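Notes for the structure review
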Amino acid sequence: RAGAAALARIDQQPRPKVQTSQDAIRKQGTVGSMVVVMGDVSVPVKELACLSVTGVFFTCPLTGATLTKSEREVHIKEAIFMRFEEDAVAASVMMIHTFNKDREKVKSAVDIISKYIENICKNPAEEKYRKIKVSNKVFQEKVHCLEGSREFLQAVGFVSVMFPVDGQEEDEEFLVLPEQGAEALEAVKESRERLQRGEPVRAQLERQPQAFRACGHAARFELPPDFYNLTADELRREQQQRSDLLEKNSMMRTKAMREKDEQRERRKYNYTLLRVRLPDGTLLQGTFYAWDKVPALFQFVRESLVDGWQPFELIAPGGQKLNEADDVALAECNLVPAAVVTFSWDAAVQADIAAAGGTTATLLIPSLQESIRTLS
């Protein structure tokens with residue numbers, strides 16, 4: 001049903017009615033003790049309240065705006081362009097590192113521009129070092145082709161000048177840096193360092209922390225379409241795989257075959273929805289990247305607790321103890337696309353606190369405790 005609904009949306013046709021059994025209508029996959037129910041790829045607004053989370057959202061680090069997946073790239077581009085009035089060097093550095101996806105090409109361009117500036121600083125009086133021929137092969141292939149490179153050079157002081165060239169009828173364009181004083185050269189050096197330290201501007205995933213009262217269906221999830229990582233072709237294959245599911249499950253299959261299928265299933269998701277069951281039964285829910293590391297989960301839990309400074313343990317489905325020091329992705333811990341993790345305080349520390357007469361009235365920070373809900 002998920003594949004059929006997605007294909008209908010892609011083709012802008014009415015959703016086809018797929019005649020199938022209840023098992024095929026709802027795909028229920030087990031991850032430890034967790035049951036994942038995949039909702040339709042196209043979810044009507046009236047059904048949003050039934051979802052475990054309404055979608056995946058991000059925060060722009062430049063503006064603080066909350067964005068959907070489809071809004072991220074356009075919004076960040078606009079935010080970077082707006083920075084030119086305030087700081088042209090910073091904006092152009094962001095352009096180079098954000099708009100160009102090939103990191104090797106970015107590094108090559110940064111190295112070449114850095115070399116231009118280094119030569120100028122070493123030989124400030126020599127005009128040849130302050131002139132870049134725009135038609136130069138290396139400049140065209142390594143620098144000019146990257147978005148933001150020309151903007152950076154202009155931001156540090158280069159200007160476009162047409163010069164006659166021997167043997168050519170038409171003048172050629174050069175980017176020229178006027179002769180600089182000592183103070184101006186220091187500013188150029190600083191701009192080079194900013195370029196070298198630059199990083200891509202990426203929208204930050206919102207954890208969407210939410211607390212729920214204790215209930216008996218904490219391990220049931222309804223995931224929205226944003227969690228899927230499937231192309232149109234993959235969705236078509238997915239629909240065919242659904243029809244093969246019953247036959248496949250009836251076959252005698254080796255452990256290696258099952259593990260391979262589980263890994264393939266996990267790769268369909270970019271995100272995972274995790275719930276942490278606290279000692280009083282309260283559930284703490286948050287959204288993560290599938291490739292986020294285990295320490296990110298510990299940090300999220302710690303920041304959500306009143307006494308987050310105290311040592312605690314997290315147990316994954318199946319009894320696997322998560323180690324905060326392990327640089328392991330959540331997907332590798334079978335925590336994708338959703339899971340319930342069990343929280344427990346360090347027993348020895350709790351014994352010392354109890355012996356001293358200490359108690360903890362509430363577990364969660366006020367902002368979460370005040371917005372606690374009942375899980376539908």
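A brief report on the enclosed structure follows. (Residues numbered from 1 in each chain as written. Predicted model: local features only at pLDDT ≥ 70, side-chain atom pairs only at ≥ 80, totals over all residues. Heavy atoms only, no water.)

The residue Phe 163 is located in strand E6 (residues 159-163) in this model. C-alpha separation for the pair Phe 163 and Phe 174, spaced 11 residues apart in sequence, amounts to 7.0 Å. (Helix = DSSP H or I, 4+ residues; strand = E, 2+ residues; numbered from the N terminus.)

Quick look at the pairing of strand E13 (residues 312-315) now. A one-sided burial pattern is seen for E13, the buried positions being Phe 312 and Leu 314 and the unburied ones Glu 313 and Ile 315. Relative to strand E15 (residues 338-345), E13 is paired through 4 bridges, and the arrangement is antiparallel. Across the sheet, Leu 314 pairs through a bridge with Phe 343, a residue of E15. Relative to strand E14 (residues 321-322), E13 runs antiparallel, the two sharing 2 bridges. Across the sheet, Leu 314 pairs through a bridge with Leu 322, a residue of E14. Taking the residues that link successive antiparallel strands as the turn, the E13-E14 hairpin has 5 residues, and the phi of Gly 318 there is positive, at about 90 degrees. (Buried < 20%, exposed > 50% of the residue type's maximum accessible area, 1.4 Å probe, protein only. Pairing = 2+ DSSP bridges.)

Evaluated as defined, the whole model comprises 10 salt bridges. Residue Lys 189 pairs with Glu 186 through a salt bridge whose shortest N-O separation is 3.5 Å. Of the two residues, Lys 189 and Glu 186 both sit in helix H8 (residues 182-197), 3 residues apart, roughly one turn of that helix. Notably, a salt bridge pairs Glu 324 with Arg 302, separated by 2.9 Å at the nearest N-O pair. Here Glu 324 is found in the loop between E14 and E15, whereas its partner Arg 302 is found in helix H11 (residues 294-304), with 22 residues between them in sequence. Residue Glu 324 is classed as partly exposed on the basis of its relative accessible area of 31%. (Salt bridge = Lys/Arg side-chain N within 4 Å of Asp/Glu carboxyl O.)

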